[in-house]
Every structure is written in structure tokens, then in C-alpha cells.
Amino acid sequence: MPLRQSNLWTGNKFLLYIAVLRPFDINLRHLRALSDIVAQRSLSRAAETAGLSQSALTQGLRKIERKLGVLLFERHPDGVAPTAAGMALVDRAERAFAQLAAATRRFSFGGRRGSTSLERLMTATQLEAFLHFADAQGFAGAAAVSGLSQPAIHRAVRELEQVCSVRLAERRGRGMALTAAGHIMARGVRLAAAEIAAGISEVRGGPDEGARIAVGAMPLSRALVLPRALAHFVRGSPGSIVDIVEGSWRELVDPLLDGVIDMMVGALRNEAPAGVDQIPLFTDRLAIFGRKDHPLASGPVTLEDLRAQSWIVGPRGTPLRAHWEALFEGAPLPAVPVECGSVMVIRGLLMQSDLLTLLSPDQIALEVESSMLVPIGASLPERVRTIGLSIRSDWRPTPAQQRLIDLLHLASKETRLQENR
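As the structure is a computational prediction, the values presented were derived from the model and not from experiment.

Thoughts on the pattern of salt bridges
Oppositely charged side chains may form a pair once their charged atoms are brought near each other.
Now for step 1: This model, assessed by the stated rule, comprises 24 salt bridges.
Now for step 2: One salt bridge connects R158 with E161, and the closest N-O pair in it is separated by 2.7 Å. Here E161 and R158 lie together in helix α7 (residues 150-164), a separation of three residues that amounts to about one turn. The two residues R158 and E161 agree in class, both being buried.

Comments concerning the layout of surface pockets
Now for step 1: By volume, the second largest pocket amounts to about 490 Å³.
Now for step 2: As for the second largest pocket, its lining consists of 29 residues, and the residues nearest its centre are P219, S248, P315, T318 and G341.
Now for step 3: Counting residues per element, the ones that place at least two in the lining of the second largest pocket are α10 (249-258), β12 (310-313), α12 (319-326), α13 (343-351) and β14 (357-359).
Now for step 4: Top contributing element to the lining of the second largest pocket by residue count: β14, with three residues.
Now for step 5: Considering only residue class, the lining of the second largest pocket consists of 15 nonpolar, nine polar and five charged.

Focus on the nonpolar core
Now for step 1: Residues L72 and M185 are the most contacted members of the largest nonpolar core, which totals 62 residues.
Now for step 2: Looking at this core, the element that brings in the most residues is helix α8 (residues 180-204), giving 10 residues.
Now for step 3: When sequence neighbours within four positions are dropped, the list of residues in contact with M185 reads L100, A103, T104, F107, M122, L127, F130, C164 and L168.
Now for step 4: Ranked by size, the runner-up nonpolar core spans 26 residues in total, among them L286, L327, L350 and L373.

Remarks on the environment of P361
Now for step 1: The topology assignment puts P361 in the loop between β14 and α14 (365-369).
Now for step 2: Residue class for P361 comes out partly exposed when judged on its relative accessible area of 33%.
Now for step 3: Counting along the chain gives 75 residues from P361 to L286, while the straight-line C-alpha distance between them is 6.9 Å.
Now for step 4: Beyond its immediate stretch of four places on either side in the chain, P361 contacts R285 and F289.

Quick notes on the sheet that holds strand β11 (residues 287-291)
Now for step 1: Across the sheet, three strands lie side by side as β14-β11-β15; this open sheet has antiparallel pairing. The open sheet is flanked by β14 and β15 (373-375), the only strands paired with a single partner. Recorded for the sheet is a direction-independent mean angle of 45° between the axes of neighbouring strands.
Now for step 2: Direction of pairing for β11 relative to β14: antiparallel, over a ladder of three bridges. Its bridge partner lying in β14, F289 is registered against T357.

Looking at the packing of helix α6 (residues 139-146) against α7
Now for step 1: Here α6 crosses α7 at 115°, and the two axes come no closer than 9 Å. Comparing the axis directions of α6 and α7 gives the class roughly perpendicular. Crossing angle aside, the handedness with which α6 passes α7 is right-handed. The residues of α7 that touch α6, namely those facing F139, A140, A142, A143 and S146, are Q150, I153, H154, V157 and R158.
Now for step 2: For the contact of α6 with α7, the residue count by class is six nonpolar, three polar and one charged.

Side note on the environment of A217
Now for step 1: Within the element layout of this structure, A217 appears in strand β7 (residues 212-217).
Now for step 2: Sequence separation between A217 and D243 is 26 residues; the distance between their C-alpha atoms is 10.0 Å.

Here's the deal with helix α9 (residues 225-236)
Now for step 1: In this model, α9 (12 residues) spans 17 Å end to end at C-alpha, consistent with the 16 Å of a helix rising 1.5 Å per residue.
Now for step 2: Regarding α9, the residues found buried are V225, L226, A229, L230 and F233. With its buried residues spanning 115° around the axis, α9 presents them on a single face.

Side note on α10
Now for step 1: Those residues of α10 that fall on the buried side of the exposure criterion are W249, L252, V253, L256, L257 and D258.
Now for step 2: Where the residues of α10 are buried, they touch α8, β7, β8 (241-246), β9 (263-267), β10 (276-285) and β16 (384-392).
Now for step 3: Count one or two residues on from α10 and you reach G259, which has phi positive near 85°.

Overview of empty space enclosed by the protein
Now for step 1: As enumerated under the stated definition, the model contains one cavity of 30 Å³ or more in all.
Now for step 2: Around the largest cavity sit D25, I26, N27, H30, G60, K63, I64 and K67, which together line it.
Now for step 3: The element best represented in the lining of the largest cavity is helix α3 (residues 54-68), accounting for four residues.
Now for step 4: Across the lining of the largest cavity, the residue classes break down as two nonpolar, three polar and three charged.

A closer look at the side chain of D284
Now for step 1: Relative to the elements of secondary structure, D284 occurs in strand β10.
Now for step 2: Its relative accessible area of 2% is what places D284 among the buried residues.
Now for step 3: Engagement of the side chain of D284 in a polar contact is seen with the side chain of S360, the distance being 2.8 Å.

What counts and what doesn't
Residues numbered from 1 in each chain as written. Predicted model: local features only at pLDDT ≥ 70, side-chain atom pairs only at ≥ 80, totals over all residues. Heavy atoms only, no water. Salt bridge = Lys/Arg side-chain N within 4 Å of Asp/Glu carboxyl O. Helix = DSSP H or I, 4+ residues; strand = E, 2+ residues; numbered from the N terminus. Buried < 20%, exposed > 50% of the residue type's maximum accessible area, 1.4 Å probe, protein only. 1 Å grid on protein atoms, 1.4 Å probe; cavity = no way out; pocket = protein on both sides within 12 Å on 5 of 7 lines; lining within 4 Å. Points joined across faces, edges and corners; volume = space filled by probe spheres on them. Nonpolar A, V, L, I, M, F, W, Y, C, P; charged D, E, K, R; others polar. Core = buried A, V, L, I, M, F, W, Y, C linked by side-chain atoms within 4.5 Å. Contact = heavy atoms within 4.5 Å. Pairing = 2+ DSSP bridges. Axes fitted to C-alpha atoms, helices over the stretch in contact; angles between N-to-C directions. Parallel < 35°, antiparallel > 145°, perpendicular 65-115°, else oblique. Left-handed = near helix turned anticlockwise from the far one by under 90°. Expected span 1.5 Å × (residues − 1). Arc of directions from axis to C-beta. Polar contact = N/O pair within 3.5 Å; in protein donor to acceptor, adjacent residues only side chain to side chain.

Below, the structure is given as C-alpha cells:
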């Protein structure tokens, strides 16, 4: 992520502050206390509520403001009042702690400390070290990635286990692995980190705030819609970075629920899993394709002709495979010597063999335009699938993320209009 410079107003001058800020660079105790400041409108009363001294809270607030490069609270003789940036960060912080609380509620605790909410006992150091461990599935790998020592990561993970009163990691064979509770906790920490990161992005504001967006790209989205939307996006947000994570629906849905990616673009499921909302973008008509000199490339084609061919289709359980199987109306299916979800491999095989496939015309538009691949048989008006966005049910996009969503809707309309001309 590029460096960004911000101006922090101190009452009589601007301080120039340049920083790359990660979610757990902010002290969680001070971050939690921001809600108390908003509620009490007084640093002294907020400090008492948070269990901090007034000087500690004041210094913590100033440290957060310096790191962000923005003013979070305006100081008045009769107290303090949150700025718009302050309210935005408080809202995101509350959502982050709610994610941690939701994760801990799923545990079965034997040693809970009174009525204290467990998320209030966690530190940024513990959570960051635990995420490094969870990603690397081991202390050595976590140390290599994070730059921390193995003993430091081990200590932080064990401290977090003591807070949660549950084992988060266990030895399996020669290595370490997350327990069931560890997987739940890792998801909660990732989602909390995503909320804090969103708060940092919103607080710094502006179209060039250096936002980072992760998009899961399923096969069809890579053809026309996503590239068109991204071209519009980067022109309007040159300081933002979009990470494209390619994969199938099965490969991307867990990273989506974990908060590793922000949205998925591709074919929607008939029923969305719990925690996932689906937003339609457009409907896609499928067609059968083969090489230009395929034996069925000219003349009428019957269902028996298609059944006699060999095919390359996607794996079982995918919407495209279901559409292909439905072509044959419950009769014996044709031979499928190759199961593949990669459009690049499918295109190459089609041009070098007599295999057939069922695809969206968008995915092989260049090959069809150059007549290297041709439609086989009549059109299939009943073979339609819905392409759209998959997002977390409780997700609230940042302005930059919302802009990309809006551009995806626009790109969907533009590509459909071109096809209908």
C-alpha cells in the first residue's frame, strides 16, 4: 500500500504525518475507550468508565490521532465532541469488538472471569500474533512472516488462550494446528481486523485514501464485467489498490466469510449459505462451443448427436455442471474425459480436439470473434444463470468498496447493452 501524507490540526498549525497503518497498530484499549468518550463527552468521565487514568486516556487519544493523521475529537471548555472522523472510527471499532464478542460466545468456557467481556481483555499484540500463527499454521512460519521471535508468538497465543479459557492450537504430529475453537477465533479476529481497517480508510477519507479492496473473481467475472469496472475504478481512485483473488466458488467462500476478501463476483448459487448475501448483476445465456472444423459445426444437431460426443466440463456441484447435466434430461450423460474449471485450459483443448463444452459466450469472446471457436447447434434459451456479487450478510462497505460495487453494476449494464446492439 502506498505511503500517504495527512495533515493533523493541532490548534495553531498543521503537523505533517506520513504512515502506513495496520489494524493492530492501534492500541485496542484506547480504541475501546473512544466509545466511552463519545458517551460521556468528557475525558475525565470516560477515563473513569474505561478504567484508565485521564492522562493515559489523553495520551492514548493523541497517539491514535497522530497515527491516523486526523482529529477525532474537538476540545471545548465544557468537554469534548467527536468529529465526523471520530464517529466513523467509533462505529467501526464497535463493529470490530462485536465480531470478537460473537466469536467468543461460541466457545464453551470453564473459567470465564466474572462478567467481564472477553474481548475487552484481548490486546492487539495477542491478536496480531495469533493471526500470524493461524495463517502459517505454526510458530516458525509465523515468526518468519511477522519478524517476531517464536517465543514472542508462542507467548502471545498462550496468553490469548488464557483469556478465552480454551485451547486455540494443539500439536498434531510434528506440527501445530488450530483447534475448532481456534478456527472460530481466527475468523472473528480477521473480521475484527477488517472492520478496523475499514475505519482507518474511512477516517482518512478522500478518493485517494489508499484503500485496499480484495475481490474474489470466479471464472465468468474475469471476462468482461470485472475488468471494465476496475478500469473505471482505478481512474477515479489512483491511490487505492485492488487485490484480485482468482478461484472457484468453493475456494473463495471461506475467505469471504473470514473477511480475507471483501466480495466475490461470479455465478450465484441457487441457495446462498448462511452468512452470505447474493446481489444479481445480470443473467448469462450459455451455449455449446467447439472448434471451427468440428464435425457438428455445420448442419442441425440433435440431442443424440451431443450425447455421442466427448466433453470438457466443470466439476460436479457447480452451477455450470448442473446446467450441462440438465441438457440431457436425466438420460445417460456423455463421456467427460476432462473435468476442468479453467477457461484457459478449456479454450486450448477445444481448439486442439473434438471436445465440446458449455460456456458463456463472454468467456471466449475473442475466440468466437476470430472464428477459432464456433457455437454448436441451436441456441439454448432455457440455459440461463445469474451472475452477481456475493458479500457477507453483516458487511458494510467503505465508500471505496461501495464505489466499486456501483461500477460493477454499471459495467454489467454496459456489457449487456453492447451485446444487444
